[in-house]
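# Fold and geometry: a report
Take a look at the letters that make up each chain.
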Amino acid sequence: MVNQETKRFTSIAEVMADLKKKAEEKLANSTNQENGQTRTSQPKDSFECPKCEDRGLIFTSNDSARICECQEQRKIKRLFKSSEITEEFRRLGFGNFIVDGKPEPVVNAFKSAVKYFKSFPDIRKDRKNSIALLGNPGAGKTHLLIAVANNLLNNGISVHYFPYREGFDEIKDNLDALEEKAQRMKDVDVLLIDDLFKRGATDFEVKTMYSIVNYRYLNHKPIMVSSEFLVDDLLEVDEALGSRIVEMTKDYLVEIVGDRRQLNHRLAN
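Analysis parameters
Residues numbered from 1 in each chain as written. Predicted model: local features only at pLDDT ≥ 70, side-chain atom pairs only at ≥ 80, totals over all residues. Heavy atoms only, no water. Helix = DSSP H or I, 4+ residues; strand = E, 2+ residues; numbered from the N terminus. Buried < 20%, exposed > 50% of the residue type's maximum accessible area, 1.4 Å probe, protein only. Contact = heavy atoms within 4.5 Å. Areas by Shrake-Rupley, 256 points an atom, 1.4 Å probe, with all protein chains shown as cover. Pairing = 2+ DSSP bridges. Axes fitted to C-alpha atoms, helices over the stretch in contact; angles between N-to-C directions. Parallel < 35°, antiparallel > 145°, perpendicular 65-115°, else oblique. Phe/Tyr/Trp six-rings, centres within 6.5 Å; stacked < 30°, edge-to-face > 60°. Salt bridge = Lys/Arg side-chain N within 4 Å of Asp/Glu carboxyl O.

The name given to the chain in an unreviewed UniProt entry is DNA replication protein DnaC, and the organism recorded there is Siminovitchia thermophila.

Structural data, given as structure tokens:
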């Protein structure tokens, strides 16, 4: 028994030593070449992460190590990059959404978006795990859903942003990429569809959107939807698609209706 434990300990020590050696070799290979010339060392402050010196691991002793905190930050950076949320939109949050003096429907939308984000860990696997902000343009629907998306991304949850009209214009320009694009929209943790049915919808767009939403509906994968269409309008376009969206977003569905001069911040300004 003692011999087995000693052998196991030695094996772990050897593994850790090998892992440390490989991490150092990997770091050397990536940093020792600059402008075709070999460098013998790299200043401490030149590392992206001084804690682990860009190894991704912090060795606490000869036989143990832990993953550096920088790996989570790198993951979040990758998630933001793949989300297709623009740099400008990455600055949108709940803190810079103005609610003071806003009409009640806008305040309700804000409260619903905040509540949705806070409840997300508990509801993400449920049937009603989604959110929809519908109605008047300029009321801040996109801002609020992007704020939710940014917060989810910062918590390590992948989000894909799909602006409806621009997204389909891009697909039509490159139909060969449709299957790959649709699969990505099916697989991502959370799909954000912005301005659904903006300037109407063709049969091709409805069928494509139905395929994606139905897949997510069947697999309990959350969606976030903004649209100038209200519930009845969505059902009128396509009842099968609209009813799935309504069922998924039922607990976090807000219709913003009223005087456009009060609701539309662009007109108010």
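## Brief notes about the overall build of the chain
A count of helical and extended segments in the chain gives 11 helices and nine strands. Within the chain, buried positions represent 41% of all 269 residues. In the chain, 76% of the contacts between residues at least 6 apart in sequence involve partners at least 24 apart. When the accessible surface of the chain is totalled, it reaches about 15,800 Å², and 48% of it is carbon and sulfur.

## A short note on the environment of Arg 261
Inspection of the secondary structure assignment puts Arg 261 in helix α10 (residues 260-263). Taking relative accessible area as the criterion, Arg 261 reaches 62% and is therefore assigned exposed. It is 9.8 Å that separates the C-alpha atoms of Arg 261 and Gly 138, two residues lying 123 residues apart in sequence.

## Let's talk about the pairing of strand β6 (residues 159-163)
Buried residues dominate β6, accounting for four of its five residues. The pairing of β6 with strand β7 (residues 190-194) spans five bridges and is parallel. Bridge pairing in β7 places Phe 162 opposite Ile 193.

## Considerations on the packing of helix α5 (residues 164-173) against helix α7 (residues 203-218)
Running from N to C, α5 and α7 point in directions that differ by 105°, and their axes come no closer than 12 Å. The angle between α5 and α7 falls in the class roughly perpendicular. Counted together, Tyr 164, Arg 165, Phe 168, Ile 171 and Lys 172 of α5 and Phe 204, Glu 205, Thr 208 and Met 209 of α7 form the full contact between these two elements.

## Let's talk about unusual backbone geometry
One non-glycine residue, Asp 195, lies in the positive phi region at around 60°. Note that Asp 195 resides in the loop between β7 and α7. Its identity is not glycine, yet His 220 carries a phi of approximately 55°, on the positive side.

## Concerning the packing of aromatic side chains
Counting across every chain of the model gives 10 aromatic pairs. Between Phe 94 and Phe 110, the ring centres sit 6.2 Å apart and the planes meet at 90°, which makes this aromatic pair edge-to-face. With Phe 94 in the loop between α2 (70-83) and α3 (104-123) and Phe 110 in helix α3, the pair connects residues that are 16 residues apart, well separated along the chain. With centroids separated by 5.7 Å and ring planes inclined at 80°, the aromatic side chains of Tyr 164 and Phe 197 adopt a geometry described as edge-to-face. One end of the pair, Tyr 164, is in helix α5; the other, Phe 197, is in the loop between β7 and α7, with 33 residues separating them in the sequence. For Tyr 164, a relative accessible area of 0% puts it in the buried group.

## A few points about the pattern of salt bridges
Considering all chains together, one arrives at five salt bridges under this definition. Ionic pairing is found between Arg 127 and Glu 247, a salt bridge with its closest N-O pair at 4.0 Å. With Arg 127 in the loop between α3 and β5 (131-135) and Glu 247 in helix α9 (residues 239-249), the pair connects residues that are 120 residues apart, well separated along the chain. Residue class for Arg 127 comes out partly exposed when judged on its relative accessible area of 26%.

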